Amino acid sequence: MTSALPAFPSPTLLSALNSTPPSMLPRLLRPLTTIATTSIRPLTPLSRLTSLTRTMTTPAPNPLLAPTKLALIQLASTADKSSNLERAATFVKSAAQAGASIVVLPECFNSPYGCEHFPRYAEPIPRPGMPPASVSALASPSFRALSTLAAAAKVHLVAGSIPESVKIEGDTKYYNTCMVFSPAGELLATHRKIHLFDIDIPGKIKFRESDVLSPGHAPTLVDIPGVGKLGVAICYDIRFPELAMMAARRGAFAMVYPAAFNMTTGPLHWELLARARACDNQVYVAMCSPARNEEGEGYVAWGETMVVDPSGVVVEKLAGEEGTVLVELVPERVKEVRAGIPVTTQRRWDVYADVSRVPPMEEPKE
């Protein structure tokens, strides 16, 4: 059965209009005008509906093109930069010998983590594509050592992060920066930490990276030939889901986070956030922490370096000790998860925005 639509204007409305003095008509009609202008949505053009339907129903290709072994190094850092670099080299070469093709180091692995340490340990980092030999080993020892290490181990090296210094018109800015190297030692990309770690949990921890560091401005996606695209971010960046969403929508098979949560935020959110980003985006997520050292002074990292699969399952993790997590990432797992719960084809871009359509930003020229 169908109901007849009410007549418009209705007899009651006509009677009210006829009996209303002309000077009062604008006041009477104002609510109707408001309703008409605020409640009626314009029809969506057919071409846009077709586009939205296609977006929601067409499965994206599997972002992981081939199986690959990923190694995460949970390293105990000291105040000796040279020693930290040498120890990192030992672990990276061992991971390569075990079959890893992508190796990840922790956040601030070449120095203690703290605002008082960043300027002392900071180094200039060249632009991606610059020949390593053109960069001074004296000015940028970490860059030269890591480039040489990636080439020697023949791996893609996501080199944790180090404090970066940039001189601008007589002033110096500092960043928390991750370098990504090819198996030939070429610098493929740099990621400057976008969201700075400024928190204050009364009675627990207070930390303000922004007292010393400047934020980055660009998300980072690195092409690994024959494997796929790898999203890279740093620590506090994981609390902002938009970065992982953008990377996944743009074809990333994994998000990698060199990170150093602490003894307060680690138990609360470390695993929770890793599993959430993996489950939200149906990609692998890797969290690489420094080792936990509760006997020293200063900032104590939580540890628990881990790899989470696209369904949010923790595949492997460490506790607080130094060591390596080695996991094979397989295309079949991505395909299985996305077929079983096909959120990649069910998103409603007609209801909410697609953050991946934001034009990619670049770091400003300096």
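Cut-offs applied
- Residues numbered from 1 in each chain as written.
- Predicted model: local features only at pLDDT ≥ 70, side-chain atom pairs only at ≥ 80, totals over all residues.
- Heavy atoms only, no water.
- Helix = DSSP H or I, 4+ residues; strand = E, 2+ residues; numbered from the N terminus.
- Expected span 1.5 Å × (residues − 1).
- Contact = heavy atoms within 4.5 Å.
- Buried < 20%, exposed > 50% of the residue type's maximum accessible area, 1.4 Å probe, protein only.
- Pairing = 2+ DSSP bridges.
- Axes fitted to C-alpha atoms, helices over the stretch in contact; angles between N-to-C directions.

With 13 residues, helix α6 (residues 141–153) extends 18 Å from end C-alpha to end C-alpha; this agrees with the ideal 18 Å at 1.5 Å per step. Each element contacted by the buried residues of α6 is listed here: α4 (81–97), β3 (156–158), β4 (162–168), β5 (171–181) and β6 (187–192). Once α6 ends, the next one or two residues include Lys154, with phi positive near 60°.

On to unusual backbone geometry. Backbone geometry places Lys154, a non-glycine residue, at a positive phi of 60°. Even without glycine at this site, Glu169 takes up a positive phi of about 50°. By the secondary structure assignment, Glu169 is in the loop between β4 and β5. With relative accessibility at 82%, the residue Glu169 sits in the exposed group.

Take the sheet that holds strand β10 (residues 228–232) next. The mixed open sheet is built from six strands, whose spatial order is β9-β10-β11-β12-β13-β14. Of all strands in the sheet, those with a lone pairing partner are β9 (220–224) and β14 (314–317), marking the two edges. Along the sheet, successive strands turn relative to each other by an average axial angle of 20°, direction set aside. Here five bridges tie strand β11 (residues 252–258) to strand β12 (residues 284–288), and the two strands are oriented parallel to one another. Note that in β12 the partner of Met255 across the bridge is Val285. Sitting on the sheet, helix α7 (residues 241–249) is in contact with β9, β10 and β11, with an inclination near 150° to β11.

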